[in-house]
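# Structural description and commentary
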Amino acid sequence: MARKVKNTNNPELDGPAFFAAITQIEQEKGIKPGYMMEKITQALVSAYRKDHEGVGDNLTVEANPDTSTVRMFLKKDVVEQVDNPGTEISLDEARNSLPHAQLGDVIRIEIKPKSLGRIAAQTARQVIIQGIREAEQGMIYDEFSSKEREILTGTVTRIDPRTGSVALRLGSGPESTDAYLGTNEQVKGEVYREGQRLKVYVVEVRRATKGPQVLISRTHPGLVKRLFELEVPEIYDGTVEVKSIAREAGSRTKLAVWSADPNVDAIGACVGPRHQRIDNVLSELKNEKVDIIQYSEDPAEYIAAALSPADVLSVTPLPDGKSCRVVVPDDQLSLAIGKEGQNARLAAKLTSFKIDIKPASAPPEPIPEPEEPEPELEAEPETGMEPEENEEALSTEE
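The present account deals with the structure reproduced in this document. Bear in mind the structure is a predicted one, so any value in this text is a computation, not a measurement.

Counting secondary structure elements, the protein chain contains twelve helices and 16 strands. Counting over 398 residues, the protein chain shows a buried share of 38%. Restricting to contacts in the protein chain with at least 6 residues of sequence separation, those with at least 24 account for 60%. In the form shown here, the protein chain has an accessible surface area of approximately 24400 Å², with 47% of it arising from carbon and sulfur atoms.

Spelled out as structure tokens, the structure:
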């Protein structure tokens, strides 16, 4: 049974100041209650162990918020001969403080804060600072990981003149962080300036050694989808569903929409009264062209719509199920293909079909027959003999 050693030298830490400091840190940093208490008590233990080897797990810190007291105790076994001063005490020394101590008893000795050396105090300080940093990083990660695949508005704080990367400040207060918009994630032709408010798409949030890393983009197709969700209530509540998006940022985007409600015009809902909804989206996209397509379960209808604004005469799916042949009027061929093949390329990406576009004047090409699998060759029965031996055996039997 552990016995408490009486000590008249008041080994307590400055309890009221200790708890006041913890409360202030938790309020200023937004750290959860109790977290700093745990880190500071760990720091005190680490600090004492720094100058006193062999203590092990016998050192404890007892903090009582109700009485505003903090005490450190070291458990020691009462022995006849001391081999480890960190965990053992002689009977004579134990009886100086506790006259009734006996061999085999476990006593608790209160540690004076003055016994912490300068190096140990620095260790405690480092542990506390690291604890605060970890808590802040954990809060930032929790805050932004819940916002993956969402749009956030950040403030441009710096533009690197060499690489062109843009630094943005996301969030406010203690749960804010810096993110970097690389040149690959910037829309070609957009110009940024310091102090500008900019909407970005959160692609991913990662844990890193220097804190959470928030990956952002202005070119991701998800940015267009989220912008329509903000402007179109029917998309936000699920009445209208975005089936697919194909985007070449800064130039053109194709958006396939669909509604299970026959009374809802999916395209009309996205356009809005007097084009108000789509105009708000285009304003944020710096007037990037957006084609809104009616999704269809019928691949021919879907592909024909995806090639808009070109007119389509016919769509013939090919046997492989992943490609099709499209016939358009001669005067619509260049429109269907688009500048540098962009319209056809986006339509193929949107529908996941390989599209072969032909003018109506072109001679019809035969549809290739589906390839039949090659027949499997039957294996000859094994006889255990070489071919020459096998033939000889057969002739002998005859």
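So, about the packing of aromatic side chains. The geometry of two aromatic rings is summed up by the distance between their centres and the angle between their planes. Applying the stated rule across the entire model yields one aromatic pair. The interplanar angle of 70° and the centroid separation of 4.8 Å between the aromatic rings of Tyr 295 and Tyr 302 together place this pair among those described as edge-to-face. Both residues of the pair, Tyr 295 and Tyr 302, count as buried. Geometry around Phe 73 places Arg 108 over its ring, the cationic atom sitting 4.1 Å from the centre. Stacked on the ring of Phe 144, the Lys or Arg Lys 147 has its end atom at 5.9 Å from the ring centre.

Helix H11 (residues 342-351) sits mainly inside the fold: seven of its ten residues count as buried. Residues of H11 that are buried: Gln 342, Asn 343, Ala 344, Leu 346, Ala 347, Leu 350 and Thr 351. Next to the buried residues of H11 lie strand S11 (240-248), strand S12 (252-259), strand S13 (289-294), helix H9 (299-306), helix H10 (333-337) and strand S16 (354-359). The positive-phi residue at the C-terminal boundary of H11 is Ser 352, with phi of around 60°.

We now examine helix H2 (residues 35-51). Taking 1.5 Å per residue as the helical rise, H2 with its 17 residues ought to reach 24 Å, and the 25 Å between its terminal C-alpha atoms agrees with that figure. Among the residues making up H2, those that are buried are Met 36, Met 37, Lys 39, Ile 40, Thr 41, Ala 43, Leu 44, Val 45, Ala 47 and Tyr 48.

Applying the stated rule across the entire model yields 15 salt bridges. Here Arg 218 ties to Glu 284 by a salt bridge, and the two come within 3.1 Å at their closest N and O atoms. Here Arg 218, found in the loop between strand S10 (213-217) and helix H5 (221-231), pairs with Glu 284, found in helix H8 (residues 276-284); they are 66 residues apart in sequence, far enough to count as distant. A single salt-bridge network, built from bridges that share partners, covers Glu 150, Arg 226 and Glu 229.

Cut-offs used in this document
- Residues numbered from 1 in each chain as written.
- Predicted model: local features only at pLDDT ≥ 70, side-chain atom pairs only at ≥ 80, totals over all residues.
- Heavy atoms only, no water.
- Helix = DSSP H or I, 4+ residues; strand = E, 2+ residues; numbered from the N terminus.
- Buried < 20%, exposed > 50% of the residue type's maximum accessible area, 1.4 Å probe, protein only.
- Contact = heavy atoms within 4.5 Å.
- Areas by Shrake-Rupley, 256 points an atom, 1.4 Å probe, with all protein chains shown as cover.
- Phe/Tyr/Trp six-rings, centres within 6.5 Å; stacked < 30°, edge-to-face > 60°.
- Lys NZ or Arg CZ within 6 Å of the ring centre and 35° of its normal.
- Expected span 1.5 Å × (residues − 1).
- Salt bridge = Lys/Arg side-chain N within 4 Å of Asp/Glu carboxyl O.

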